[in-house]
Amino acid sequence: MHEDIEEILVTQEQIKAKVKELGHQITQDYQGKNLLLLGILKGAIPFIADLSRAIDMLHEIDYMAVSSYGNATQSSGVVRILKDLEGPIDQKHVLIVEDIVDSGLTLHYMLDLLRQRHPLSLRVCTLLYKERERAKPLELAYIGFRIPNLFVVGYGLDYAQRYRNLPYVGVLKPEVYQNNQKPERQHKSPAESS
Ligand code: XMP
Ligand code: MG
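Residue indices follow the written sequence of each chain, beginning from 1 at its first position. To label them, take the chains in the order written and letter them from A, then take the ligands in the order written and number them from 1. Residue-level local features of this predicted model are given only where pLDDT is at least 70; pairs of side-chain atoms are given and counted only at 80 or more, and the full residue set underlies all totals for whole chains, interfaces and linings. Excluding hydrogens and water, the side-chain values take into account all heavy atoms of the structure.

1. Describing the sheet that holds strand S9 (residues 169-172)
DSSP calls a pair of strands paired once it identifies at least 2 bridges connecting them. Working definition: helices are DSSP H or I runs of at least four residues, strands are E runs of at least two. Numbering for both runs from the N terminus. If you trace the 3 strands from one edge of the open sheet to the other, you get S1-S9-S8, paired in antiparallel fashion. Each having just a single partner strand, strand S1 (5-10) and strand S8 (152-153) make up the two edges of the open sheet. Where S8 meets S9, 2 bridges bridge the pair, whose relative direction is antiparallel. For valine 153, the partnering residue across the bridge sits in S9 and is glycine 170.

Structure (structure tokens):
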């Protein structure tokens, strides 16, 4: 375990087993369909890389990069597109692949935006789902792990762009924040851009 990590919430082995299970389920659900995995940069990179290889049918992969407007303490739900999809999706079954769903506002915005492009279907697969209250309910087709409402890093998730490479999901030691600004939103780091 890395010295900055206080506690591991989801181990490498648990992630591996879950990704295999999700890949199997997605393979069954999308059999014969034109599937596009849509990864949200940067946090979803390790997850989509592993998930894609656990899906036993041909499919496409594309990415979007988004950044949330507003301050560090609250997700405004208004999202700026930093990188868009390469092409139209009206002939595709789109499965958004996310690292984590927190307030869910980012995802609501993405879903509204993508719906306007008329995909054949539009669903979400998230590795992590924070147990917390949400202003608007979200429909999530696939959830890897439900975790407590804590700021987590690893397996794609960062604090100030670091720790993405850790093979597990964990909570940072409080002293790691001491010389930096502590994430004001329990769940969002100051330099976070998804
Ligand atoms: P909302 O609140 O709109 O935010 O669902 C979703 C995005 O915020 C980031 N996020 C985190 N990043 N550790 C991180 O490293 C966390 O605990 C965390 N919680 C939210 C993430 O990019 C997610 O897509
Ligand atoms: Mg993200």
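Still more to cover.
2. Some thoughts on the pattern of salt bridges
Any Lys or Arg side-chain nitrogen found within 4 Å of a carboxyl oxygen on Asp or Glu counts as a salt bridge. All chains considered together, the criterion is met by 10 salt bridges. The partner of lysine 92 in a salt bridge is glutamate 60, with the nearest N and O atoms 3.1 Å apart. Remark: glutamate 60 occurs in strand S3 (residues 60-68) and lysine 92 occurs in the loop between strand S4 (79-83) and strand S5 (93-101); sequence separation between them is 32 residues. We note a salt bridge from lysine 83 to aspartate 62, for which the minimum N-O separation is 3.7 Å. On the criterion of sequence distance, the pair formed by lysine 83 in strand S4 and aspartate 62 in strand S3 is long-range, its members being 21 residues apart. A simple rule labels every residue: compare its accessible area, found with a 1.4 Å probe on the protein chains alone, to the largest value its type can have, and call it buried under 20%, exposed over 50%, or partly exposed in between. Aspartate 62 gets classed as buried once you look at its relative accessible area, which sits at 10%.

3. Here's the deal with unusual backbone geometry
In this model, leucine 41 is joined to lysine 42 through a cis peptide bond whose omega is -5°. Of note in the backbone geometry, alanine 160 takes a positive phi value of approximately 50° without being a glycine. Secondary-structure assignment places alanine 160 in the loop between S8 and S9. In the Ramachandran plot, glutamine 161 falls in the positive-phi region, its phi being about 70° despite a non-glycine side chain. You can see glutamine 161 is positioned in the loop between S8 and S9.

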